[in-house]
Amino acid sequence: MAGNLKDEITAANVKFMQCFDSANWDGLAALYTDDCRLMPTGSPLLIGRDGVKAVFSGANKAGAKRVVLSIQEVGELDANFNMAFERSEYKFIKEDGSTMDAGKYVVLWKKLDGAWYLYTDIFNTDGGSS
């Protein structure tokens, strides 16, 4: 099973990018567990899908119209293959194609009913617009 892990996380990230790019906040939040933890730069811990909607719709309102996720590393966290980690980079892209923000993130993924969901999402900016 571990051989498919990167492909499965990549597929989930493609869904994430599609939801963000189309401003589908309900669809994006559905990629997270009900009890997810979101830890964005400069913000308190947010628990649950409403926090996911608020953070990413807020980024959209601030000018981010697309997101690009680039996986750096994925791996298993338990012998039952129900938890995984992802270490990656992100870019928020403005409508004119320029980068609004870039940074890095770590996600703890939880497998529920055969599908991967974001459980803990920690992300940090590299420091502003370019």
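See the structure shown above.
Cut-offs applied
- Residues numbered from 1 in each chain as written.
- Predicted model: local features only at pLDDT ≥ 70, side-chain atom pairs only at ≥ 80, totals over all residues.
- Heavy atoms only, no water.
- 1 Å grid on protein atoms, 1.4 Å probe; cavity = no way out; pocket = protein on both sides within 12 Å on 5 of 7 lines; lining within 4 Å.
- Points joined across faces, edges and corners; volume = space filled by probe spheres on them.
- Helix = DSSP H or I, 4+ residues; strand = E, 2+ residues; numbered from the N terminus.
- Nonpolar A, V, L, I, M, F, W, Y, C, P; charged D, E, K, R; others polar.
- Salt bridge = Lys/Arg side-chain N within 4 Å of Asp/Glu carboxyl O.
- Buried < 20%, exposed > 50% of the residue type's maximum accessible area, 1.4 Å probe, protein only.
- Core = buried A, V, L, I, M, F, W, Y, C linked by side-chain atoms within 4.5 Å.
- Pairing = 2+ DSSP bridges.
- Polar contact = N/O pair within 3.5 Å; in protein donor to acceptor, adjacent residues only side chain to side chain.
- Disulfide = S-S within 2.5 Å.
- Patch = residues over 30% accessible without salt bridge, like charges linked within 9 Å, V, L, I, M, F, W, Y side chains within 5 Å.
- Areas by Shrake-Rupley, 256 points an atom, 1.4 Å probe, with all protein chains shown as cover.

Caption draft 1: The arrangement of empty space enclosed by the protein in detail. What the rule picks out here adds up to one cavity of 30 Å³ or more. The space that makes up the largest cavity amounts to roughly 120 Å³. Looking at the largest cavity, the residues that line it are N13, F16, F56, V67, L69, Y90, F92, Y105, V107, L118, D121 and F123. Mapped onto the lining of the largest cavity, the elements with two or more residues apiece are α1 (5-21), β3 (66-76), β4 (83-93), β5 (99-112) and β6 (115-125). Sort the elements by how many residues they give to the lining of the largest cavity and β6 lands first, with three residues. Classifying every residue of the lining of the largest cavity gives 10 nonpolar, one polar and one charged.

Caption draft 2: The arrangement of the pattern of salt bridges in detail. Taken as a whole, this structure holds five salt bridges when the rule is applied. The residue K111 makes a salt bridge to E8 at a minimum N-O spacing of 3.5 Å. Here E8 lies in helix α1 and K111 lies in strand β5, a separation of 103 residues in the sequence. Assessed through its relative accessible area of 15%, K111 is described here as buried.

Caption draft 3: View of the nonpolar core. The biggest cluster of nonpolar side chains holds 32 residues, and the ones touching the most others in it are F20, L28, Y32, F56 and F92. Counting residues per element, this core draws most heavily on α1, at seven residues.

Caption draft 4: Highlighting the pairing of β3. Where β3 lies against β4, 10 bridges are found, and the strand directions are antiparallel. In the sheet register, V67 faces β4, and the bridge partner there is F92. Counted between consecutive antiparallel strands, the loop separating β3 from β4 contains six residues, among which F81 sits at a positive phi close to 60 degrees.

Caption draft 5: Looking closely at the environment of D26. Note that D26 resides in helix α2 (residues 25-29). Considering only alpha carbons, one finds D26 and R49, 23 residues apart in sequence, at a separation of 8.6 Å. Polar contacts involving the side chain of D26 include one to the side chain of K53, which spans 2.9 Å.

Caption draft 6: Structural context of the state of the cysteines. Inspection of the entire model under this criterion finds zero disulfides. Residue C19 stays outside any disulfide, its sulfur separated by 14 Å from that of C36, the closest cysteine. Note on C36: relative accessible area 0%, which makes it buried.

Caption draft 7: A look at a nonpolar patch on the surface. There is a patch of nonpolar side chains on the surface, built from M39, L45, I47, V106 and I122 and spanning about 390 Å² of accessible area. Inspection of the secondary structure assignment puts V106 in strand β5.

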